[in-house]
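For reference, the chains in residue letters:
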Amino acid sequence: MSKQFTIQQISQITGLTAHTLRYYEKIGLLDGVARNESGYRKYGESDLLWIDFLIRLRETRMPISEMKQFSDLRSQGKATIKERRTLLERHQNKVTKQITDLKENLLKIEHKIAHYKALEEEDI
């Protein structure tokens, strides 16, 4: 039998609040979370892997609406593989652009730091 987790355990493992986990379930990002006989959520290892992927999408600035679109496609099974790949490729392009922009900004910051260091050296 696979390991089962409570919402508190998932929250500790993922860093997401219990409120966020409930919200994700409410809007359909987390579908089919099992419940025990008392009605408490019981997350499985596959739920944990899916949550980890959702976190990665969110951390790379994928809008919730696109995450929901991906989740809906995922729940439809193999017939949507091409659409899911296309959606992820579009997101990958956006992430690549973000990385390029960050690198350019970092370079400008490094140049400014070097400029100030040179100014400090002149005063010595």
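Definitions and cut-offs
- Residues numbered from 1 in each chain as written.
- Predicted model: local features only at pLDDT ≥ 70, side-chain atom pairs only at ≥ 80, totals over all residues.
- Heavy atoms only, no water.
- Helix = DSSP H or I, 4+ residues; strand = E, 2+ residues; numbered from the N terminus.
- Expected span 1.5 Å × (residues − 1).
- Buried < 20%, exposed > 50% of the residue type's maximum accessible area, 1.4 Å probe, protein only.
- Contact = heavy atoms within 4.5 Å.
- Salt bridge = Lys/Arg side-chain N within 4 Å of Asp/Glu carboxyl O.
- Patch = residues over 30% accessible without salt bridge, like charges linked within 9 Å, V, L, I, M, F, W, Y side chains within 5 Å.
- Areas by Shrake-Rupley, 256 points an atom, 1.4 Å probe, with all protein chains shown as cover.

- Per an unreviewed UniProt entry, the protein is named MerR family transcriptional regulator, and its organism is Brevibacillus nitrificans.

1. Some points on helix α3 (residues 45-59)
What sets the pattern is the α-helix's 3.6 residues per turn: residues three or four places apart point alike.
Then, number 1: For α3, with 15 residues, the first-to-last C-alpha span of 21 Å sits near the 21 Å given by 1.5 Å per residue.
Then, number 2: Where α3 is concerned, the buried positions are Asp47, Leu48, Trp50, Ile51, Leu54, Ile55 and Leu57.
Then, number 3: Close packing links the buried residues of α3 with β1 (4-5), α1 (7-14), α2 (18-27), β3 (41-44), α4 (64-75) and α5 (81-123).
Then, number 4: Arg61 sits one or two positions beyond α3 and adopts a positive phi of about 70 degrees.

2. Looking at the pattern of salt bridges
Then, number 1: Under the criterion given, the structure shown has seven salt bridges.
Then, number 2: The shortest N-O distance in the salt bridge between Asp101 and Lys97 comes to 2.9 Å. With Asp101 and Lys97 both in helix α5 and four residues apart, this pair spans about one turn of that helix.
Then, number 3: Residues participating in the shared-partner salt-bridge network are Glu25, Arg35 and Arg41.

3. Quick word on a nonpolar patch on the surface
Then, number 1: Taken together, the side chains of Leu106, Ile109 and Ile113 define a hydrophobic patch exposed on the protein surface, amounting to about 280 Å² of accessible area.
Then, number 2: Topologically, Ile109 is positioned in helix α5.

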